[in-house]
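Observations on chain architecture
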Amino acid sequence: MAIDPCNTAARPAASTRWLAAVLRRIITLVGALLIVGCATSPTGRSQFIAVSDAQMNQLGATSFEQMKRSDKLSRDAGKRSTAQCVVDALRAVLPPDAQRTAWEVQVFEDANPNAFALPGGKMGVNTGMWTVAKTQDELAAVMAHEVAHVLSRHAAERVSQQMAAGVALEAAQAYSGSRTSPENTRLLMGALGLGAQLGVMLPFSRVHETEADLVGQRIMAEAGFDPAGAVRLWQGMIGASTGGRPPQILSTHPDPQNRIAALQARVPQLQPVAAQARANGRRPACRM
């Protein structure tokens, strides 16, 4: 059972009176935090965010530095140049604050086709992505998707949810004491979504992934890339999984066929956006 703390119209439907009492106590204890933390995503979705952008940017920067020290960076100057070219084109159409961010892009020597972006303008692309993304538009699709996670503050949202859940669990334990049964614990954990782990490098929820698809595909079109590149990218991802271990990204994202259908449905709407961008001089030329 999912609870949206920022939706004042929602009321948790507890399956037991015990759970209802616990949830009422939780809401009382964290009410002030919830009021402060309500925000809205770029798509208009209600969000609970109780950490500052500065805190998340610091976490992103620290994580990225650790990765650069522990993981192997690619020496392929061509791939690094291409990745930088794509992110520069995307950055030019981002909101002013994101445009002012000094986006750092690194290419990691890793055969798994994947990419990520962290708060504070830190982006990584694996060399394996070039085995799937054959054109600049396809590479832009995955990079714009990751940038969209940052713009939508998905990492901050997840961290905030887990912070609130941690407070809620402590409150529930204090309230129930020795009366906590395994079944009650499972009910509580299900109500609060405590199965997720805390950390910006872990998979986002499918709601986040779908939202990043929507925002990212528009960003790439506004930058002058072909929005149909997102469709080809995910078709390539499915092809890469045939006869071997599927790319890690497929295990954490929405159903690939449904995703392709949704991306394809938006192409006719976004093609004029891309055409207008190119008419205005936005003509990315990133050599693969």
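Read on for a plain summary of the structure. All values derive from a computational prediction rather than experimental measurement.

Bringing the nonpolar core into the picture now. Inside soluble globular proteins, nonpolar side chains tend to come together where they are buried. In this structure, Leu90, Met129, Leu139 and Met143 are the most contacted members of the largest nonpolar core, which totals 44 residues. Listing elements by their share of this core, those giving two or more residues are helix H3 (77-91), strand S3 (104-108), strand S4 (115-118), strand S5 (122-126), helix H5 (136-151), helix H8 (206-222), helix H9 (228-240) and helix H11 (256-279).

Its place among the elements puts Arg218 in helix H8. On the accessibility criterion, Arg218 (37% relative accessible area) is partly exposed. Through-space distance from the C-alpha of Arg218 to that of Leu270 is 6.7 Å; in sequence the pair is 52 residues apart. When neighbours within four sequence positions are excluded, Arg218 is seen to be in contact with Leu270 and Val273.

Time to look at the environment of Asn126. Tracing the sequence through the fold places Asn126 in strand S5. The class for Asn126 is buried, based on a relative accessible area of 9%. It is 6.8 Å that separates the C-alpha atoms of Asn126 and Ala111, two residues lying 15 residues apart in sequence. Once residues within four sequence positions are removed from consideration, Asn126 is found in contact with Phe108, Asp110, Asn112 and Asn114.

Before going further, it helps to spend a moment on the sheet that holds S4. Here 3 strands make up an open sheet; going across it, the order is S3-S5-S4 and the pairing mixed. Taken across any chain shown, the strands that pair with only one partner, and hence form the sheet edges, are S3 and S4. Within this sheet the neighbouring strands show an average axis-to-axis angle of 15°, counted without direction. Inspection of the sheet shows S4 paired to S5 by 4 bridges, in the antiparallel sense. In the sheet register, Leu118 faces S5, and the bridge partner there is Lys122.

Conventions used here
- Residues numbered from 1 in each chain as written.
- Predicted model: local features only at pLDDT ≥ 70, side-chain atom pairs only at ≥ 80, totals over all residues.
- Heavy atoms only, no water.
- Core = buried A, V, L, I, M, F, W, Y, C linked by side-chain atoms within 4.5 Å.
- Buried < 20%, exposed > 50% of the residue type's maximum accessible area, 1.4 Å probe, protein only.
- Helix = DSSP H or I, 4+ residues; strand = E, 2+ residues; numbered from the N terminus.
- Contact = heavy atoms within 4.5 Å.
- Pairing = 2+ DSSP bridges.
- Axes fitted to C-alpha atoms, helices over the stretch in contact; angles between N-to-C directions.

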